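Chains, contacts and geometry: an overview
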Amino acid sequence: MKWFSAMYSAELKRMFTYRVDFWVQFFFGIAVELAIAYFLWDALFTIDGSHEISGYTMPMMMLYTVFAAFGGRIVRGNERMIVASDIYDGGLTKYLLYPINYIIVIFSQALAFSTVTVFQMALGLFLLFAIFGIPQEYQFTFENMLMGTSACLVASVFYFVTYVIIDYAAFWVDTVWGLSVMYRFIAQFLSGFFIPLEMFPDSLRKIAYFTPFPYIGAEPIKMFLGRSSWQQWAHVNVVIVLWTIPVAIILQIVWHRGLKNYTGVGI
Amino acid sequence: MTNVIQTKDLSKVFRVHKKTAGFVGSLKSLVKRDWIDKQALKNVSLQVSPGEILGLVGANGAGKTTLVKILAGIIHPTGGSISILGHNPWDRANEFRRQISLIMGQKAQLWWDLPAEDCFLLLREIYQIPHAQYKQNLDYLVQSLAVKDQLNIQIRRLSLGERMKMELIAALLHTPRVVFFDEPTIGLDLTAQNAIRNFILEYRKIHQPAMILTSHYMEDIEKLCPRIAIIKDGQIVYDGELAKVVNTYANHKILSLELEGDQSQNPSLIRDLKAEVILQEPNLLKLKVARGDVASVASSILKQMTVKDLSIESEDIGVIIEKLIRRDSTLGHPSP
């Protein structure tokens, strides 16, 4: 699998090629996300008049948003509908010619993106804590960071196989954009990337926990926030792995069926 | 010689969505869709031996590229059988993919954001080429195509000709035993076209791969392919030597004459010749003459006009092939 590391490093090289785009995407994306969250939560806390909402103070809510933003990026990787584009514009052709597994190629690219995000998160947290300080009720530990980051990386594998299945719909339908956006919205909502699951009604939260999504979002964020143990970490990872296996099997089946519909457009 | 590529009764049917034009048609397609079956290939049988270059010729949409895609394992055939180096391409076994290559003039395969050399290093890992062999192959290919100075430039910044040369290197680094070329010289200037043609011939001489080439440029076919297969509406209508196409199907010769003085002084002679005038200028005359009449026409011209130079050429191969493509019936093989 030497080619895997070669593909992985090629993707890193590609990402570093456009440095302006690299830094603008990183800082601008996070800055906008945090600014919107700040004004939203500030208004809600003011209207509510209380010190805490669903167990989160304003500084902790902002910290939740920060970890949701970075953790979400690690989990989601480079979900740019690459597979669907490759099917539509014929980019898949070259990977069918090479003696390698296409999906592993795409995974190596997603992993490269997630890896870079981990380093961006470290830099981002350092800057945020340096500028705004660390909330009093939060205790930053490297153990929490390790727990949260590793859970996010495991979750990224699950998220990868699910969004690739959605992209595979491109073998049959003319556009998958709507489907992809719908999936992303549902997945992020049920994962707690938009708002903490503690704010959901009990019934909806229970339903959410029947799906794998809280284990790729809310649970890793709890780890970052220091609200989880290693035992919970193990439980979360086992749940994700158990969800990933059947989805990966379905992915293979869909791939083989879909490939029969591939027309290799563009040549 | 054992055939490297063998197909028998290969067929491919595409299911295509049929949409009525206009806004109402678009609305209707939201509820109900009509589909039509398009037969892209029909009972295609052919063989290619090592060291042979087969030219696939046909109009747009005839099925040339579909055939190449099936042979390379990119798309699934609807029926028939294929064996390439003993493999079924659709199985896409790694052992098979390590021995083939497809060069597409209209589709870049290299990574646009990376310099060529990085792309080649990536391919070294993908094809697991031993270092010494990689270096030897790369040196040879880079030298043959004269692209040493462009190796460290991002692919997207290269000219079309330079990019095509890089694509060739990328496709041949692992020394494939079967090579498919899909319009390798499309859009290139004459110098680049010639460079690529010469390179293909030289590469063939050294490595003897089985090659299939599709091109709309007749010069590619004439210079590279001793054998051609003409494909029409998904069927092979001719499979044989290119030279035999000319001998069998060229009914006319072209007589080009450079005359002393103005030939328009003798219009009746020209009118009486059993020939079609293609070009008529004061000192030049170009005639299309039936093969059986060439000697008599040339002789009467030489008797009655002062001729400085005369040449007799075959009809343009492109014109002959175009005529063959337009004919409705299957042509069969020319007699040996």
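Report on the accompanying structure. Remember, predicted model here, so these are calculated numbers, not experimental data.

What follows concerns the overall build of chain B. The helix and strand inventory of chain B stands at twelve helices and 13 strands. By principal-axis analysis of the C-alpha atoms, chain B measures approximately 70 × 55 × 50 Å. For chain B, the proportion of its 336 residues judged to be buried stands at 38%. By sequence separation, contacts in chain B at least 24 residues apart represent 74% of the contacts at least 6 residues apart.

Along chain A, the regular secondary structure elements total eleven helices and two strands. In terms of overall size, chain A behaves like a compact globule, its C-alpha atoms giving a radius of gyration of 20 Å where 267 residues would be expected to give roughly 18 Å. When the backbone C-alpha atoms are referred to their principal axes, chain A occupies close to 60 × 45 × 35 Å. In chain A, which comprises 267 residues, the share counted as buried stands at 37%. Restricting the contact set of chain A to residue pairs at least 6 apart, pairs at least 24 apart contribute 79%.

All right, on to the pairing of strand β3 (residues 53-57) of chain B then. Successive residues of a regular strand alternate their side chains across the two faces of the sheet. All names here are of chain B. Here β3 lies mainly inside the structure; five of its five residues are buried. Residues of β3 alternate between two faces, with Ile 53, Gly 55 and Val 57 on one and Leu 54 and Leu 56 on the opposite face, all of them buried. Note that β3 and strand β7 (residues 210-214) share four bridges and pair parallel. Counterpart to Leu 54 in the pairing with β7 is Ile 212. Relative to strand β8 (residues 227-232), β3 runs parallel, the two being bridged by four bridges. Following the sheet pairing, Val 57 is matched in β8 by Ile 230.

Turning our eyes to something else, we now look at the environment of Ala112(A). Within the secondary structure, Ala112(A) sits in helix α6 (residues 102-132). Separated by 99 residues in the primary sequence, Ala112(A) and Lys13(A) have C-alpha atoms spaced 9.7 Å apart.

The next thing to look at is the interface of chain B and chain A. Every contact between the two is made by 26 residues of chain B and, on the other side, 22 residues of chain A. In terms of residue count, the dominant contributor to the side of chain B that touches chain A is helix α4 (residues 116-127) of chain B (five residues). For the side of chain B that touches chain A, the residue count by class is eleven nonpolar, six polar and nine charged.

This brings us to the sheet that holds strand β5 (residues 100-104) of chain B. All names here are of chain B. With mixed pairing, six strands are arranged side by side in an open sheet as β5-β6-β7-β3-β8-β9. At either end of the open sheet lies a strand with only one pairing partner, and these are β5 and β9 (235-241). Shown here is a sheet whose adjacent strand axes are inclined to one another by a mean of 15°, direction ignored. Here six bridges tie β8 to β9, and the two strands are oriented antiparallel to one another. Each bridged residue has a counterpart across the sheet, and for Ile 231 the counterpart in β9 is Ile 236. Its contacts with the sheet place helix α9 (residues 242-249) against β8 and β9, and it is angled at close to 100° to β9. Each of β3, β8 and β9 touches helix α12 (residues 317-326); the most contacted strand, β8, lies at about 40° to it.

Right, let's get into the nonpolar core. If you look at the biggest cluster of nonpolar residues, it comprises 137 residues, and the most contacted ones within it are Ala155(A), Cys119(B) and Ile169(B). The leading source of residues in this core is helix α7 (residues 142-168) of chain A, at 14 residues. Of all hydrophobic cores here, the second largest spans eleven residues; its members include Leu273(B), Ala275(B), Leu285(B) and Ile301(B).

Once that is clear, we can look at unusual backbone geometry. Residue and element names in this part refer to chain B. Even without glycine at this site, Ala 146 takes up a positive phi of about 50°. Positionally, Ala 146 belongs in the loop between α5 (131-145) and α6 (160-172). When the 12 C-beta atoms within 10 Å are taken as the criterion, Ala 146 is described as exposed. Even without a glycine there, the phi angle at Thr 175 is positive, about 50°. In this fold, Thr 175 is placed in the loop between α6 and β6 (178-182).

Conventions we followed
- Residues numbered from 1 in each chain as written.
- Chains lettered and ligands numbered in written order.
- Predicted model: local features only at pLDDT ≥ 70, side-chain atom pairs only at ≥ 80, totals over all residues.
- Helix = DSSP H or I, 4+ residues; strand = E, 2+ residues; numbered from the N terminus.
- Buried ≥ 20, exposed ≤ 12 C-beta atoms within 10 Å, placed from the backbone.
- Contact = placed C-beta atoms within 7 Å.
- Rg over C-alpha atoms; globule rule 2.2 N^0.38 Å.
- Pairing = 2+ DSSP bridges.
- Nonpolar A, V, L, I, M, F, W, Y, C, P; charged D, E, K, R; others polar.
- Axes fitted to C-alpha atoms, helices over the stretch in contact; angles between N-to-C directions.
- Core = buried A, V, L, I, M, F, W, Y, C linked by C-beta atoms within 7 Å.

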